[in-house]
Amino acid sequence: FTPEDFTIVGQRTWHNAPSIYPSMDGGCLTVALIEAHVEGHRYGGMIEAVINPGNTEWGLLSGGFGERLEGRPLGGDSGGAGRRYVGVQIPESGELSDLHTIEIEYIDGTINRAEPAADGCIILFSSAPGWDAAEAEITTRYVDASGNTIQSHTIAFNPGPRPTDDMADG
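Note that this is a predicted model, so its numbers are computed, not measured. (Residues numbered from 1 in each chain as written. Predicted model: local features only at pLDDT ≥ 70, side-chain atom pairs only at ≥ 80, totals over all residues. Heavy atoms only, no water.)

Undergrad: I keep staring at the pattern of salt bridges and nothing clicks. Help me out?
TA: Side-chain pairs of opposite charge can arise where the charged atoms are in close proximity. In this structure the tally under the stated criterion is eight salt bridges. Taking the shortest distance from any N to any O, the salt bridge between Asp 77 and Arg 84 comes out at 2.6 Å. For Asp 77, a relative accessible area of 31% gives the class partly exposed. Classification of Arg 84 as buried rests on a relative accessible area of 10%. A salt bridge links Arg 113 to Glu 103; the nearest nitrogen and oxygen atoms lie 2.9 Å apart. Taken together, the residues span a long stretch of sequence, with Arg 113 in strand S8 (residues 111-114) and Glu 103 in strand S7 (residues 99-105) at a distance of ten residues. (Salt bridge = Lys/Arg side-chain N within 4 Å of Asp/Glu carboxyl O. Buried < 20%, exposed > 50% of the residue type's maximum accessible area, 1.4 Å probe, protein only. Helix = DSSP H or I, 4+ residues; strand = E, 2+ residues; numbered from the N terminus.)

Undergrad: Just to check I follow, could you spell out the sheet that holds strand S11 (residues 149-156) for this structure?
TA: Adjacent strands of a sheet pair through backbone hydrogen bonds, lying either parallel or antiparallel. Here four strands make up an open sheet; going across it, the order is S8-S7-S10-S11 and the pairing antiparallel. Both edges of this open sheet fall to S8 and S11, since each of them pairs with a single strand only. With direction set aside, neighbouring strand axes in the sheet form an average angle of 15 degrees. Relative to strand S10 (residues 137-144), S7 runs antiparallel, the two sharing six bridges. Residue pairing across strands places Ile 102 opposite Tyr 142, the latter belonging to S10. (Pairing = 2+ DSSP bridges. Axes fitted to C-alpha atoms, helices over the stretch in contact; angles between N-to-C directions.)

Undergrad: Looking at this structure, how should I read the side chain of Thr 101?
TA: Among the structural elements, Thr 101 can be located in strand S7. Among the residues examined, Thr 101 registers a relative accessible area of 7% and is labelled buried. Separated by 3.0 Å, the side chains of Thr 101 and His 100 make a polar contact. (Polar contact = N/O pair within 3.5 Å; in protein donor to acceptor, adjacent residues only side chain to side chain.)

Undergrad: Which parts of the structure should I look at to understand the pairing of S11?
TA: Consecutive side chains along a regular strand alternate between the two faces of the sheet. Pairing of S10 with S11, which is carried by seven bridges, proceeds in the antiparallel orientation. Bridging from a neighbouring strand, Thr 140 pairs with His 153 of S11.

Undergrad: For this particular structure, what's the right way to read the environment of Gly 54?
TA: Assignment of secondary structure puts Gly 54 in the loop between strand S3 (41-51) and strand S4 (59-67). Here Gly 54 falls in the exposed class, since its relative accessible area comes to 81%. Once the C-alpha coordinates of Gly 54 and Met 24 are considered, the two residues, 30 residues apart in sequence, prove to be 9.7 Å apart.

Undergrad: Would you mind going over the packing of aromatic side chains with me for this structure?
TA: When we look at a pair of aromatic rings, we describe it by the centre distance and by the angle of the planes. Tallied over the full model, the rule gives eight aromatic pairs. An angle of 35 degrees between the planes, with centres 5.3 Å apart, marks the rings of Phe 1 and Phe 6 as tilted. Judged by its relative accessible area of 54%, Phe 1 is exposed. A residue is classified by how much of its surface remains accessible, and Phe 6, at 32% relative accessible area, is partly exposed. (Phe/Tyr/Trp six-rings, centres within 6.5 Å; stacked < 30°, edge-to-face > 60°.)

Undergrad: What's the story with the side chain of Ser 127 in this structure? I'm lost.
TA: Within the fold, Ser 127 resides in strand S9 (residues 121-127). Classification of Ser 127 as buried rests on a relative accessible area of 16%. For Ser 127, the side chain forms a polar contact with the main-chain oxygen of Pro 18, separated by 3.2 Å. Among all residues touching Ser 127, those that are not within four sequence positions of it are Pro 18, Ser 19, Ile 20, Gly 82, Arg 83, Tyr 106 and Asn 112. (Contact = heavy atoms within 4.5 Å.)

Undergrad: Would you mind showing me how to read the nonpolar core here?
TA: Looking at soluble globular proteins, one finds that nonpolar side chains tend to be buried together. The biggest cluster of nonpolar side chains holds 33 residues, and the ones touching the most others in it are Leu 29, Leu 33, Ile 102 and Tyr 106. At the level of secondary structure, the elements contributing two or more residues to this core comprise strand S1 (6-17), strand S2 (27-38), S3, strand S6 (83-89), S7, S9, helix H1 (131-134) and S10. Broken down by element, this core gets its largest block of residues, five residues, from S9. What Ile 102 contacts, discounting residues up to four positions off in sequence, is Val 86, Val 88, Asn 112, Arg 113, Ala 114, Ile 122, Leu 124, Thr 140, Arg 141 and Tyr 142. (Core = buried A, V, L, I, M, F, W, Y, C linked by side-chain atoms within 4.5 Å.)

The following block contains the structure:
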């Protein structure tokens, strides 16, 4: 791949982004859906980058990128540090073509939602409301305009170890 091979299909950036980890709380976060067409193959995925508080440079947080068969929507589902990132480019046909909202629900009933933007993508950033919710299962739902669930999955949302007092001080 060369930089010219890549297209950013959709991107969202959050400033002063919350996190249950003090070292990340209040930093910046950007999530991008990317695509590339190389030698007759379609590749795509989602990448996340952050600027932690007190820093000025973006750093890659995580990314999932691979070959995408035609008809498979471009998207991703990732997370860390008590945060979850879910994104999808709404396809013209197929199961997700009626997608209207992505929701994340925590065990305490907190629900975060995102709807499509002008770029035809839905990108959701969701920060756990607290440690108990971050350490429990969360449910991600893909919902149509009528409120019907198209797809749903529940996973254990393990944010890693709770920060100690030493970690909270920087």
